[in-house]
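Each chain, written out:
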Amino acid sequence: MSTIKQDIELQQIDNMEKQRKKLDELKMRIDEKILNKFQCYQKYVHIKGMNDLLCLLREWLVLMGTEVTVEGEEWIRMGLNTSTCPHPRAIIVDSKCEWIDELYQEYYDTYMKENMTQLKALLSKPYVSSTEQTENILFFIASYSYFVDSISPLIFRYLQSSKRCVIVFPVHSMKEIEYQGYENLEKMIKILNKIEAAGGECYCGNEHGLYLDRYEVCFLCSEYSGRLHRGLRAASKYVVSLQTTALYTHCYWVKGSFEETFSDHAKEEIDYLAASNYIADWICQRDAGWNKKILRVGYPKLDLLYHALHSEIEIPEFWKEKANGKKVILFTGLEDYCLDVFARNEVIVIWRMHPIWRAHINTKKYIDGLMQKYQNVILDTRVSYYEAFKLSDALVGCEGVSSIFANYLYTGKPICLYSQNHREFEINYRKEAWYNSAYYAIDEAGVEDFVKMIVSGNDFEKEKKDVYRKQVVDHFDGEVSNRIYSFFEDLKKE
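As the structure is a prediction and not an experimental result, all values here were calculated from the model.

> Let's hear about the packing of aromatic side chains: which residues, and what values?
When we look at a pair of aromatic rings, we describe it by the centre distance and by the angle of the planes. This structure, assessed with the given rule, holds 29 aromatic pairs. With a centroid separation of 5.6 Å and 75° between ring planes, the pair formed by Y144 and F147 is classed as edge-to-face. Judged by relative accessible area, Y144 falls into the partly exposed class, the value being 34%. Judged by its relative accessible area of 10%, F147 is buried. The positively charged end of R286 is found above the aromatic ring belonging to W282, 3.7 Å away from the centroid. Of note, K465 hangs over the ring of Y439, and the distance from its end group to the ring centre comes to 5.4 Å.

Structural data, given as structure tokens:
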């Protein structure tokens, strides 16, 4: 009996975790206007009992303008008034939280179902084994379109050759991609369609024929691909992990050892890691075992950035009209005091925050209010940040782990980081080269000093900052994919 009880409890925990993910997706993607159109939604909701998930649900519904009543002693201890007589039309939600499943299903049917059908159709064709003369290259991708796009230059480099490029979408990612939102799903479909149009072949990881073939090289999107199936590992001569974007090295060093991308387990699973010199030096200084596995060639994402910055990019006309000869700051934070500084100094702001922040309903309302207040702000919601990189004169952002700051180093333009309360890391990242490549502000006055410097057309510490910046921005020549391709071609000749 105890085993049965434990199984039931584990199932309940699993169900609640799935519902939490669904609620997170609803909170990020659904605003008040959309929610009011849902057939399973009512303006009145009554919550019976209390747990962590119900607390999160109540918080979200209140933000959505829902009239929420609660019932149970736990709510009283939280200082809330309770009621046992809900509105006659109220939806009753108990600890099973089944209404979250109903809301999510309606969201899925409305926004996700058609695209998921397209994705499954794209990946569901039967795999045809290659002939002995054909050389297969395998790309084991991730559920995040950003990371697939990051390695796409290497995919297209191989497609220029006579090799067969097989792109495998992991089975577990079919469910994960639902929780990444419809924007990510739409972009993923566009990327995979573009790959197929160029001659690539895209499959779901459960296609049996994949495991009967042989692959010269299998490339992974770093840890974001998840664990490679042992059948594909056995079928691949070389397994290569690709650095997918700029990394903040200190994030991976925890309690005296590496986690995720650079862990001992990751090192054993792969034959090579393609990365930048900066990452390679940093890792090998702490674990010499990586010396034989790191390819110091850069990472494919750099090719995208290089060609974007060295070609004519179509800047939106509205942006150019707004700028009209004024200095332009790319702002990646949320703090309104920074917007006050920008307005006082009459600079134009391209406001581009992390997509996760932008998608959250709390942030949407916050943004809407500030956009009405500040007339010098351009809200950048474009898929690519290349236009913002091209037009801006400098970047201002909070300390954090978003890759946009590290990638902005490649422009050579000034950067200002301001302090924010992030979790402490075991390694003091303020000693890192990427951090010392930027100016640093501890308060509003520091941000204003930086902005005044930009307005005056100066970069007072450029020479000093460039010493650090050059340690980070190597391999920026548009040739990373060619170097990776050539390495494995040369390896066959040995």
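> Before we move on, could you go through the packing of helix α3 (residues 52-63) against helix α5 (residues 98-123) and cite the residues and values that matter?
Packing of α3 against α5 leaves a shortest axis separation of 11 Å and a crossing angle of 50°. Taken together, the axes of α3 and α5 lie oblique to each other. Counting all contacts with α3, which are made through L53, L57, W60 and L61, the residues of α5 involved are W99, I100 and L103. Looking at the contact of α3 with α5, its residues break down into 7 nonpolar, no polar and no charged.

> Summarise the sheet that holds strand β5 (residues 164-169); cite the residues concerned and give the values.
Pairing between sheet strands relies on hydrogen bonds along the backbone, with the strands arranged either parallel or antiparallel. With respect to topology, 7 strands assemble into an open sheet ordered β6-β5-β4-β7-β8-β11-β12, the strand pairing being parallel. Single-partner strands in this sheet number two, and they are β6 (201-204) and β12 (294-296). Within this sheet the neighbouring strands show an average axis-to-axis angle of 25°, counted without direction. As paired elements, strand β4 (residues 136-140) and strand β7 (residues 215-220) share 4 bridges and run parallel to each other. What sits directly across from F139, in β7, is F219. Sitting on the sheet, helix α8 (residues 182-197) is in contact with β5 and β6, with an inclination near 130° to β6. Strands in contact with helix α11 (residues 277-286) are β11 (272-275) and β12; relative to β12, the strand with the most contacts, it is inclined by about 145°.

> Explain the nonpolar core to me, and be specific about the residues and the numbers.
In this structure, W60, W99, F139, L192, F219 and F488 are the most contacted members of the largest nonpolar core, which totals 132 residues. In this structure, F139 is in contact with I151, L154, I155, Y158, C165, V166, I167, V168 and F219, ignoring residues within four places of it in sequence. Counting residues in each nonpolar core, the second largest holds 26 residues, with I329, V347, C398 and Y439 among its members.

> Pulling in residues and values, what's your account of the side chain of N345?
With respect to the helices and strands, the residue N345 is situated in the loop between α14 (336-344) and β14 (348-351). Within the local environment of N345, its side chain forms a polar contact with the backbone oxygen of V341, the two atoms lying 2.9 Å apart. For N345, the contacting residues outside a window of four places in its chain are E448, V451, K452 and V455.

> Quick rundown of empty space enclosed by the protein? Include the residues and the values.
A complete count under the given rule lists 2 cavities of 30 Å³ or more for this structure. Here the second largest cavity is characterised by a volume of approximately 80 Å³. Lining the second largest cavity are L409, G412, K413, P414, I415, S437, Y439, D459, K462, K465, D466 and R469. For the lining of the second largest cavity, the element with the most residues is helix α21 (residues 462-472), which contributes 4 residues. Classifying every residue of the lining of the second largest cavity gives 4 nonpolar, 2 polar and 6 charged.

> Which residues make up unusual backbone geometry, and what values go with them?
Unlike most non-glycine residues, C97 shows phi in positive territory, near 55°. Mapped onto the elements of the fold, C97 is located in the loop between β3 (91-93) and α5. C97 sits in the buried class, given a relative accessible area of 0%. Located in the positive-phi region is H475, a residue other than glycine, with phi close to 60°.

> Tell me about helix α6 (residues 145-159), and name the residues and values.
Its maximal kink placed at I151, α6 deviates by approximately 45°, while the proline P153 follows within four residues. Counting buried residues along α6, 12 of its 15 residues qualify, which places the element largely inside the surrounding structure. When α6 is considered as a whole, its buried residues turn out to be S145, F147, V148, S150, I151, S152, P153, L154, I155, R157, Y158 and L159.

> Got a sec to walk through the side chain of S143? Specific residues and values, please.
Relative to the helices and strands, S143 resides in the loop between β4 and α6. For S143, a relative accessible area of 0% puts it in the buried group. Those residues in contact with S143, other than ones at most four positions away along the chain, are F169, S173, E176, I177, Q180, N184 and M188.

Criteria and cut-off values
- Residues numbered from 1 in each chain as written.
- Predicted model: local features only at pLDDT ≥ 70, side-chain atom pairs only at ≥ 80, totals over all residues.
- Heavy atoms only, no water.
- Phe/Tyr/Trp six-rings, centres within 6.5 Å; stacked < 30°, edge-to-face > 60°.
- Buried < 20%, exposed > 50% of the residue type's maximum accessible area, 1.4 Å probe, protein only.
- Lys NZ or Arg CZ within 6 Å of the ring centre and 35° of its normal.
- Axes fitted to C-alpha atoms, helices over the stretch in contact; angles between N-to-C directions.
- Helix = DSSP H or I, 4+ residues; strand = E, 2+ residues; numbered from the N terminus.
- Parallel < 35°, antiparallel > 145°, perpendicular 65-115°, else oblique.
- Contact = heavy atoms within 4.5 Å.
- Nonpolar A, V, L, I, M, F, W, Y, C, P; charged D, E, K, R; others polar.
- Pairing = 2+ DSSP bridges.
- Core = buried A, V, L, I, M, F, W, Y, C linked by side-chain atoms within 4.5 Å.
- Polar contact = N/O pair within 3.5 Å; in protein donor to acceptor, adjacent residues only side chain to side chain.
- 1 Å grid on protein atoms, 1.4 Å probe; cavity = no way out; pocket = protein on both sides within 12 Å on 5 of 7 lines; lining within 4 Å.
- Points joined across faces, edges and corners; volume = space filled by probe spheres on them.
- Bend = angle between axes of the 7 residues up to and from the residue.

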